[in-house]
Structure formats: C-alpha cells, structure tokens
Amino acid sequence: MTKFGTIFSILFTVTAGSALAEGHASGDPAAGEKGFNKCKSCHSIITGDDETIVKGGKTGPNLFGLPGRSAGSADGFKYGDSIKALGETEFVWDETEFVAYVADPTKYLKEKLDDSKARSKMSFKLKKEEDAKDIWAYLVSVSE
Ligand code: HEC
C-alpha cells in the first residue's frame, strides 16, 4: 500500500469506528421510551426542525441527537461550568459514558475532569444500568 493509502485507511478506520461506538446501543428502545418518563420532568426531545418528540420540562437540556454529540452542547441551554469543561475536550456521548453519567452526574464529572470541585446541575441519579441502557437505545432510535 502507498503511504497515502495507509494514512487514508487509518483515518477511515478511526472515523467509522467512532461512528459505530456512538450509535451502539445494547438496550431495548421500547423499554427506554417508558423509562424516559423519569427524565421528562426536566428534559424534552425536540428535533432540529422543531418537531417535538417528547414535551418535557426545561430544567435540563434538549436530549435530541445526544448520541454522537459533545457534552454541554444543546443550543440555548445554560449548562454548569463542569460539563462545559468536559465539552471543551474531545468528549462525545456514547453508551458507556451515558450510563456512567446518569448513575451519578456529579461523581462522574469529578472523575472525568479529575477535579474534586466539579459539580453537575443534574441532581437526578439513575442507578440501574439496564434502565440507562434502554433509555440510551431509545435516544439513539429517535435521533436517527
Ligand atoms: C431534576 C431534573 C432532571 C432530571 C429528572 C434528569 N435530568 Fe438530566 N440534566 C438535568 C440538568 C439540569 C442538566 C444539565 C447539567 C449541567 O449543566 O451540569 C442535565 C444534563 C443531562 C445530560 C447531559 C446532556 C448534554 O447536553 O451534555 C444527560 C445525558 C442527561 N441529563 C440525561 C438524563 C436522563 C437520561 C434522565 C432520566 C433518566 C435525566 N437526565 C433526568 C436535569 C435533570
């Protein structure tokens, strides 16, 4: 293979690999749709064309398109400093990060940023990994 070919195939592998990781979902989207009731008091799901998939509260950001989105990047939402700091890194939401975050957002940000003062504005915790995976699968399914 030529040098260019090698570089191209490496780039391709990295890009295709990360796209798969972001869209990867091992849960059940139908169960996740019900599970989203726990999130709805604070989160909506509204598409880029302003189509409302779930009408929810405004305490938290719109979760449309979360799979593959960087942290703290929903338009018009006033995020806390810690998640904004995470958003300034190469971070992208995938199933693993999502499950860990919703289990304990503040603990997650402390570990992720290696900063004991990090805080999340999200006070809710979803401890059950299976429920989190189902909700992730639901978010993937509505974000396509
Ligand atoms: C009591 C309100 C509340 C509930 C309930 C809640 N959240 Fe949140 N969520 C927030 C707030 C506020 C933020 C913004 C966090 C920040 O700025 O630090 C947030 C942020 C997030 C983020 C980061 C989004 C981004 O743009 O980076 C995810 C993911 C998330 N929530 C998922 C969930 C899921 C899934 C549920 C249900 C299991 C849920 N939340 C329930 C208030 C809530």
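Right, let's walk through the structure included here. None of the values given here were measured: they were computed from a predicted structure.

Cut-offs used in this document
Each chain has its residues counted from 1, following the order in which its sequence is written. Owing to the predicted nature of the model, reporting of local features is limited to residues with pLDDT of at least 70; listing and counting of side-chain atom pairs is limited to 80 or more, with chain, interface and lining totals taken over all residues. Side-chain metrics in this entry use all non-hydrogen atoms of the structure; hydrogen atoms and water are not considered. Relative accessibility decides the category of a residue: with a 1.4 Å probe and only protein chains considered, values under 20% of the type maximum give buried, values over 50% give exposed, and everything between is partly exposed. Put simply, DSSP marks the helices as runs of H or I at least four residues long and the strands as runs of E at least two long, and each gets a number from the N terminus on. Throughout, a residue-residue contact means that at least one pair of heavy atoms, one from each residue, lies within 4.5 Å. Throughout this description, a polar contact denotes any pair of N or O atoms lying within 3.5 Å of each other; where both atoms belong to protein, one of them has to be capable of donating a hydrogen while the other can accept it, and for residues adjacent in sequence the pair is counted only when both atoms sit in side chains. Residues belong to a common nonpolar core when they are buried Ala, Val, Leu, Ile, Met, Phe, Trp, Tyr or Cys residues joined through side-chain atoms within 4.5 Å. Any residue with a heavy atom positioned within 4 Å of a molecule or strand is treated as near that molecule or strand. All residues other than Ala, Val, Leu, Ile, Met, Phe, Trp, Tyr, Cys, Pro, Asp, Glu, Lys and Arg, Gly among them, are scored as polar; the first ten of these are nonpolar and the last four charged.

So, about helix α4 (residues 95–103). Burial analysis of α4 places seven of its nine residues in the buried class, which makes it a mostly covered element. All buried positions along α4 are accounted for by Glu-95, Glu-97, Phe-98, Val-99, Tyr-101, Val-102 and Ala-103. Structurally, α4 contributes buried residues whose contacts are with α3 (81–87), α5 (105–113) and α6 (129–143). Between the side-chain oxygen at the start of α4 and the backbone nitrogen of Thr-96 there is a gap of 3.2 Å, and the oxygen is on Asp-94.

In this structure, Phe-36, Trp-93, Phe-98 and Leu-139 are the most contacted members of the largest nonpolar core, which totals 28 residues. Mapped onto this core, the elements with two or more residues apiece are α3, α4, α5 and α6. Residue contributions to this core peak at seven residues, all from α6. Discounting chain neighbours no more than four positions away, the residues touching Phe-98 are Leu-66, Trp-93, Ala-132, Ile-135, Trp-136 and Leu-139.

What follows is about the site of the ligand. Near the ligand there are 27 residues, and of these Cys-39, Cys-42, His-43, Tyr-79 and Met-122 occur at the shortest range. In this structure, a nitrogen atom belonging to the ligand sits 2.8 Å away from a side-chain N or O atom of His-43. Tyr-79 places a side-chain nitrogen or oxygen 2.5 Å from an oxygen atom of the ligand. At three residues, α4 tops the list of elements feeding residues into the shell around the ligand. For the shell around the ligand, the residue count by class is 17 nonpolar, seven polar and three charged.

Structural measurements only, silent on function.
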